[in-house]
Amino acid sequence: MPDSGILTAKETTMTVPSTFLDACRGKPVDHIPVWYMRQAGRYQPEYRKIRERYSLVEICQHPDLCAEVTMLPVQQLGVDAAILFSDIMIPLGAMGVDFEIREHVGPVLDAPITRAADIDHLRPFTSDALPHVFETVRILRRELTVPLIGFAGAPFTLASYLIEGKPSRSYIRTKQMMWGEPEMWRALMDKLADMVVTYAEAQVEAGAAAIQLFDSWVGSLSVRDFRTYVLPTVQSIFRRLQTTGVPLIYFGVNTGELLSAFAETGATVIGVDWRVPLAAARERVGSGIALQGNLDPVLLFAPWPVLQRETAAVLDAGMTHPGFIFNLGHGVAHHQPPVEVGTLRRLTEFVHEYTRRAGNPRARIEEAYPHG
Ligand code: 1CP
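The present account deals with the structure reproduced in this document.

Basis of the calculations
- Residues numbered from 1 in each chain as written.
- Predicted model: local features only at pLDDT ≥ 70, side-chain atom pairs only at ≥ 80, totals over all residues.
- Heavy atoms only, no water.
- Buried < 20%, exposed > 50% of the residue type's maximum accessible area, 1.4 Å probe, protein only.
- Helix = DSSP H or I, 4+ residues; strand = E, 2+ residues; numbered from the N terminus.
- Arc of directions from axis to C-beta.
- Contact = heavy atoms within 4.5 Å.
- Salt bridge = Lys/Arg side-chain N within 4 Å of Asp/Glu carboxyl O.

A short note on helix α10 (residues 172-180)
Okay, so step 1: Within α10, the full set of buried residues consists of Thr 174, Lys 175, Met 177 and Met 178. For α10, the arc enclosing every buried residue in end-on projection is 160°, short of the 170-degree limit, so these residues lie on one face. Turned more than 90 degrees away from the buried face of α10, the exposed residues are Ile 172, Arg 173 and Gly 180.
Okay, so step 2: Along its buried surface, α10 packs onto α9 (155-164), α11 (182-206) and α12 (223-241).

Some thoughts on the pattern of salt bridges
Okay, so step 1: In total, this model carries 10 salt bridges according to the counting rule given.
Okay, so step 2: Of the charged contacts, one joins Glu 135 and Arg 138 as a salt bridge, the two residues approaching to 3.4 Å between their closest N and O atoms. Linking Glu 135 with Arg 138, this pair stays in helix α8 (residues 131-143), spanning 3 residues, or about one helical turn.
Okay, so step 3: Here Arg 227 makes a salt bridge to Glu 264, at a shortest N to O gap of 2.9 Å. On the criterion of sequence distance, the pair formed by Arg 227 in helix α12 and Glu 264 in the loop between α13 (259-262) and β7 (269-271) is long-range, its members being 37 residues apart.
Okay, so step 4: Overall, the relative accessible area of 40% leaves Glu 264 in the partly exposed class.

Re unusual backbone geometry
Okay, so step 1: With omega at -15°, the peptide bond leading from Gly 293 into Asn 294 counts as cis.
Okay, so step 2: In this structure, the amide linkage connecting Gln 336 to the following residue, Pro 337, adopts the cis form with an omega of -5°.
Okay, so step 3: Along the polypeptide, Pro 337 turns up in the loop between β9 (324-328) and α16 (341-355).
Okay, so step 4: For Leu 130, which is not glycine, the phi dihedral falls at a positive 55°.
Okay, so step 5: Tracing the sequence through the fold places Leu 130 in the loop between α7 (116-120) and α8.
Okay, so step 6: On the accessibility criterion, Leu 130 (11% relative accessible area) is buried.

By themselves, these observations are geometric and do not establish any function.
The structure is reproduced here in structure tokens:
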């Protein structure tokens, strides 16, 4: 430890005990850790109140406010990790991309990328960009009692917004560039990969204890295309991020058929959506990599006994191997009326209680919660 008594990011993550970090590493845990994608957001009355006065981008520009929004779900739900409140588009702003996050739509660009010159014009991302983001991370490192997950969008998913100019269902323009202009595609992937590495390293330097790479839309690719056009870039990102020493999580939606290729990315943890049974995911990924998931997010709108039964099934499947983190298969869904904060709090308590290990864990679990 340095004489000043101030811990560096690496020392913090290595010395503070954390169920979440242990589970990422496949170490024994006394309960299964929980966090939720989109755990900060519209379902929270407090968040809606803040959003009446500030846009999402403005929240990210105010470190105290952004830290408050990040901490809210930790205080309200009792989750085992926080995720930095931000958006995958934020670092693209620092590369000169003009975007807007439109209400009920998502990221929208006036001038999507169509030609090589547009890619040349993307500024390289440097770690002195976005000082407010890293200041938020430093505040959170001081304030939080659980690890902070930093994150970045993965190159394919970011490219889909840059090329389509808005959320897409078919990714036609994106795939047209990928297949038809392989040199442009490579240049774009490389530029985005450099951003991801620099941005993630700076988040760890400031205090993030894990990094999640969101490749939300990569499941739109065939396994062949994933291996040809995306896997080498993701491998290069994780290879370069190994030196940070923090767990690296790779997540996408609709990725059942890609999971065996995901196992070759170098990720410490693989996120699984709800369409794939965890036993099948485990078979495809093999052992030695932790899994995270995979409750259908819409179950949050189901009657409690159904939610409880399906959660128990996910936990039973997840606990068969070391290295499991409970999460939803995608983010908390937006709907009217919204998911109740109380439902997520009760779910978190249930996961902790159901999986708390003492003595003969499975026997105790079966005894306390007989089912099926
Ligand atoms: O203004 C708002 O409040 C709108 C909703 C919203 C929120 C709460 C958006 C717009 N972004 C965010 C925050 C956000 N985005 C977080 C932090 C919150 C947390 O997890 O607690 C994170 C991790 C993201 C990452 C993100 N943004 C992803 C990857 C995760 C995923 O959900 O797959 C993606 C694809 C985006 C793009 C985006 N931003 C916002 C929306 C509605 C979308 C998706 C649009 C689409 O369907 O393509």
